[in-house]
Amino acid sequence: MEPLDAFRREVVAWLEDNCPRSQREPAGPEELYQGGSKGCFSSQDARTWFERMREKGWTVPDWPREYGGGGLSPGQAKVLKTEMKRLGCRPPLATGQGIAMLGPALFEYGSEQQKREHLPRIARGEVRWCQGYSEPGAGSDLANIQCRAEDKGDHFVVNGTKLWTSNADRADWIFCLVRTDPKAAKQAGISFLLIDMRQNGIEVRPIELISGESDFCQVFFENARAEKHNLLGDLNRGWTVAKRLLQHERTLMSQLSEIAVGPKFSPGEVARRYLSLENGVLTNSGLREQLVRYEMDAMALALSNQKAFEESGQGRLDPNSTSFFKYYATELDKRRGELKLALMGTQGLGWSGPGFDSDELMEPRTWAFSKALTIAGGSSEVQLNVIAKRVLDLPE
Amino acid sequence: MKHLVPSDEHIMLQDSARQFLQANCPVSAFRHLRDNSVSPCYSRQHWKQICDLGWSGIILPEEYGGLDFGYVGLGAIMKESGRTLLASPLFASVCLGAQYLLRAGSDTQKRDILPSVVCGDTCLALAIEEGPHHDPLATLFTAQPDGGNFVLNGTKTFVVDGQCANYFLVVARTSGKPGDAKGLSVFLVDIDRKGVERKQLHLLDARDYSSVDFDNVIVGEDDLVGSMNDAWRYLEPTLDAARILLAAEMLGGICECFERTVEYLRDREQFGVKIGSFQALRHRAAHLFAEIELCKAVVDTGLAALDGAPGSISVLASLAKARLNDIALLATNEAVQMHGGIGVTDELDIGLFLKRARVAIQILGDSSYHRDRFGRLNGY
């Protein structure tokens, strides 16, 4: 018998006892608890569920216990994830930039003091983080950042702006790439700084996207203050941390369709709802072919994820494969958006008001937002560049 | 449980297969067979060596001389055989023929035939196709009961390794109408039986194919393999396993083609720089890399499922065949294009992979067949 079987039984029994019924229904976009000082619970059940999971450390199951995690092995964490998915349990705390990106970077580069200060507050949902990477002049050319941090002895003073900062208006802290040596070559003068956003020198403006939502913001720094001990990694060596963190970001983005809340119907279900069938076969052969092509590629990608997981043995992807997963998964997310609109026909075009149910109204917005996925976190073209250079070893 | 990580034994098997094939049957050996019009197009000496290595018995139980080492093992060999374009009866005789016999045959049939397949003295070929598109349920070929016998009439085409076969496994309709799964039966027919006439088909991959006419061929009840009218029960899983194994061979060919192409991008200079520095080519190569990674996962999951790992084998087989068909097409076309002028010469091996891919794509179902099947299996 496998050693995980006993753990699996234990997990299932605990989830059955502790996950409220209402938290086993698919969540709408505003229903997941995001944590931080501005986070709020959509219901008392959501709070109960979060608190119970937090007590077990299962908001971040594979983090060590001393940093607020559950201390589970990768295999155990996978069992928990699988069983939660099978029972339909919502994530008690959404997987944001703190859990998926800064956390792993802190484990790798943080001092003991930094880990003790920041990790438990992420695990307990007390602090919500955002990522200050892109700027108006630094998109795909990320190392071109201009936001400056000046050394003032015991602290830095930060001036500049960050763009496309996801959920900055709801975050408490920001991890930032800042230029600390303007004279050094591009990548050499960058440092990685953790900045408390609750101060006067920082202003956040949400940006309305084509989806009608404002997930992205612009952040302005005007003589903002950052403490010296909140420098992650060495001074002027922030690019190393940044690149490593980008790999975590790619992993996060390649799993979006798994962890994000989206329309609850799969393309196959949508097809059966909006198109006619004859003997179990869709009569619209053109759309049917598109659907099958999509479903086959989605299944192949899921199997590839499984293979990578089994091969890694650590529950973490080979750094070189993150670009391929990010590229393929987000391109596929975009295809799913287009496919579902096509399958729904005019019923997939509703923006608001009567004539459409709430699931239908979500589709065009999800479709529109999916366009951002192959741009954010390194565009598809950037990922292909990384594969060509790092994996295929092609000359430059 | 890890199903997709090869065990040490499987890694050793694949390594030794690679060493053997690259030393003894490299692509140049296949080219030699083709250029000298060897018929049927394989080396008897190499086939004998391969059987001595035990590859012909990998999926068969020890009581028939096999190794009982499973489909993951045979898949590892198929992958390597795709890399060197090995022409041998391995697919037709073992992956299809012996596998069907193992599933459907009587004890006597298995005892009489399988040990001889394992040692290479007997070759089997599945005579299933009747038209230009794979469609086993459309079978029209008739087997008319006559006393205790059956009279076979009809033509089978695209019989893989038909020229080197000693026996055909012939799919016939004994009842029902085209489209019905019920009513199919399979007969074991000696090639020397009166009324059997085979013609060699010369296809673009220069391998062994036949068209076979059956004119009032009389066979006995003993020659029925699997129960009358109910062969689909064994035939469908046989075809699915063979599709996954063929996909493994195709994966080997795709990987070889891709690696050779990437090597060319690193070496070839134009405009004073390596052509692999051009983004137009880098992006296409990187995209192809991603598609091939997915191919590996699909093939390995299919092989693991054949050895008992979870998953619907029918779904996985159609997924594997459709994806490997599509990416074989893409990878071989990209290989030719990225090699430029030399890519369209017969001198370069890429053309051999290109041609092999086009035939493999048609064997046991093209992508449109498998997409349709995948859709039906999923209820759309």
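The model shown is predicted, which means the values in this text are computed figures rather than measured ones. (Residues numbered from 1 in each chain as written. Chains lettered and ligands numbered in written order. Predicted model: local features only at pLDDT ≥ 70, side-chain atom pairs only at ≥ 80, totals over all residues. Heavy atoms only, no water.)

### Details of the overall build of chain B
The helix and strand inventory of chain B stands at eleven helices and nine strands. The globule rule puts the C-alpha radius of gyration for 380 residues at 21 Å, and the 21 Å found for chain B is close to it. Considered along the principal axes of its C-alpha atoms, chain B spans approximately 80 × 50 × 40 Å. Pairs at least 24 apart in sequence give 75% of the contacts found in chain B among residues at least 6 apart. Within the structure as shown, chain B displays about 14600 Å² of accessible surface, and the carbon and sulfur contribution to it stands at 51%. Measuring between centres, the 37 positive side-chain charges of chain B sit 5 Å from its 48 negative side-chain charges. (Helix = DSSP H or I, 4+ residues; strand = E, 2+ residues; numbered from the N terminus. Rg over C-alpha atoms; globule rule 2.2 N^0.38 Å. Contact = heavy atoms within 4.5 Å. Areas by Shrake-Rupley, 256 points an atom, 1.4 Å probe, with all protein chains shown as cover. Lys, Arg positive; Asp, Glu negative; His and termini not counted. Charge placed at Lys NZ, Arg CZ, Asp CG, Glu CD.)

### Thoughts on the interface of chain A and chain B
On the side of chain B, 44 residues touch chain A, which itself brings 40 residues to the contact. Across the chain A to chain B interface the summed buried area is about 3600 Å²; carbon plus sulfur atoms make up 66%. Contact with chain B buries area across many residues of chain A, yet Met296(A), Glu310(A) and Leu392(A) alone supply 18% of it, more than any other trio. Joining chain A to chain B, the criterion identifies four salt bridges. (Buried area = accessible area lost by both parts, 1.4 Å probe. Salt bridge = Lys/Arg side-chain N within 4 Å of Asp/Glu carboxyl O.)

### Examining the packing of helix H9 (residues 285-312) of chain A against helix H9 (residues 313-339) of chain B
Between two packed helices, both the angle of their axes relative to each other and the distance between the axes serve to describe the pair. Where H9(A) contacts H9(B), the two axes come as close as 11 Å, and the packing angle between them is 100°. Classed by the angle they form, the pair H9(A) and H9(B) counts as roughly perpendicular. Packed against H9(A), whose contacting residues are Arg293(A), Met296(A), Asp297(A), Met299(A), Ala300(A) and Leu303(A), the element H9(B) presents Val315(B), Leu316(B), Ser318(B), Leu319(B), Ala322(B), Arg323(B) and Asp326(B) at the interface. Along the lines of polarity and charge, the residues of the contact of H9(A) with H9(B) split into eight nonpolar, one polar and four charged. (Axes fitted to C-alpha atoms, helices over the stretch in contact; angles between N-to-C directions. Parallel < 35°, antiparallel > 145°, perpendicular 65-115°, else oblique. Nonpolar A, V, L, I, M, F, W, Y, C, P; charged D, E, K, R; others polar.)

### With respect to the environment of Phe20(B)
All names here are of chain B. Residue position: Phe20 is located in helix H1 (residues 8-24). The class of Phe20 is buried, set by a relative accessible area of 13%. Between the C-alpha atom of Phe20 and that of Leu53, which follows or precedes it by 33 residues, the distance is 9.7 Å. Those residues in contact with Phe20 that lie beyond four places of it in its chain are Cys25, Gln49, Ile50, Leu53 and Trp55. (Buried < 20%, exposed > 50% of the residue type's maximum accessible area, 1.4 Å probe, protein only.)

### Thoughts on the domain arrangement of chain B
All names here are of chain B. Assigned domains of chain B: these are domain 1 (8-120), domain 2 (126-230) and domain 3 (233-377). With centres defined by C-alpha atoms, the gap from domain 1 to domain 3 works out at 21 Å. Opposite the 22 residues of domain 1 that make contact, domain 3 presents 34 residues. At the boundary of domain 1 with domain 3, total buried surface from both sides reaches about 2300 Å², with 66% on carbon and sulfur atoms. Our count for the domain 1 to domain 3 interface comes out at six salt bridges. Of the charged contacts, one joins Arg31 and Asp346 as a salt bridge, the two residues approaching to 3.5 Å between their closest N and O atoms. The interface formed by domain 1 and domain 3 contains eleven residue pairs in polar contact (both at pLDDT 80 or more). Mapped onto the side of domain 1 that touches domain 3, the elements with two or more residues apiece are helix H2 (27-35), helix H4 (70-83) and helix H5 (90-104). (Domains from an automatic or database assignment. Polar contact = N/O pair within 3.5 Å; in protein donor to acceptor, adjacent residues only side chain to side chain.)

### Notes on the pattern of salt bridges
Working definition: two side chains of opposite charge can pair if their charged atoms are close together. Residues and elements named next belong to chain B. Evaluation of the coordinates by the stated rule reveals 62 salt bridges over all chains. For Asp223, the salt bridge identified is with Arg193, shortest N-O distance 3.8 Å. Within this pair, whereas Asp223 is found in the loop between strand S7 (209-220) and helix H7 (232-267), its partner Arg193 is found in the loop between strand S5 (184-190) and strand S6 (196-201), the two being separated by 30 residues in sequence. It is possible to trace a salt-bridge network through shared partners that takes in Arg31, Arg34, Asp35, Arg83, Glu256, Glu259, Arg260, Asp346 and Asp349.

### Comments concerning helix H11 (residues 367-377) of chain B
Residue and element names in this part refer to chain B. All of the buried residues in H11 are Ser367, His370, Arg371, Arg373, Phe374 and Gly375. N-cap assignment for H11: the residue whose side-chain oxygen lies 3.3 Å from the backbone N of Ser368 is Asp366. Following H11 by one or two positions, Gly379 has its phi on the positive side, about 80°.

### Describing the UniProt feature "domain: Acyl-CoA oxidase/dehydrogenase middle" (unreviewed entry) in chain B
Mapped onto the present numbering, the UniProt feature "domain: Acyl-CoA oxidase/dehydrogenase middle" (unreviewed entry) falls on residues 142-216 of chain B. Along residues 142-216 of chain B, the helical share is 0% and the strand share 60%, with 10 Å between the first and last C-alpha atoms. (UniProt positions renumbered as here; feature names shortened; annotations may be inferred.)

### A look at the domain arrangement of chain A
Interface extent is often summarised as the accessible area lost during association of the parts. Taken as a whole, chain A is organised into domain 1 (3-94), domain 2 (129-238) and domain 3 (255-391). For domain 1 of chain A and domain 2 of chain A, the distance between their C-alpha centres works out to 31 Å.

### Details of the environment of His248(A)
Mapping His248(A) onto the fold places it in helix H6 (residues 238-254). Given the relative accessible area of 8%, His248(A) is considered buried.

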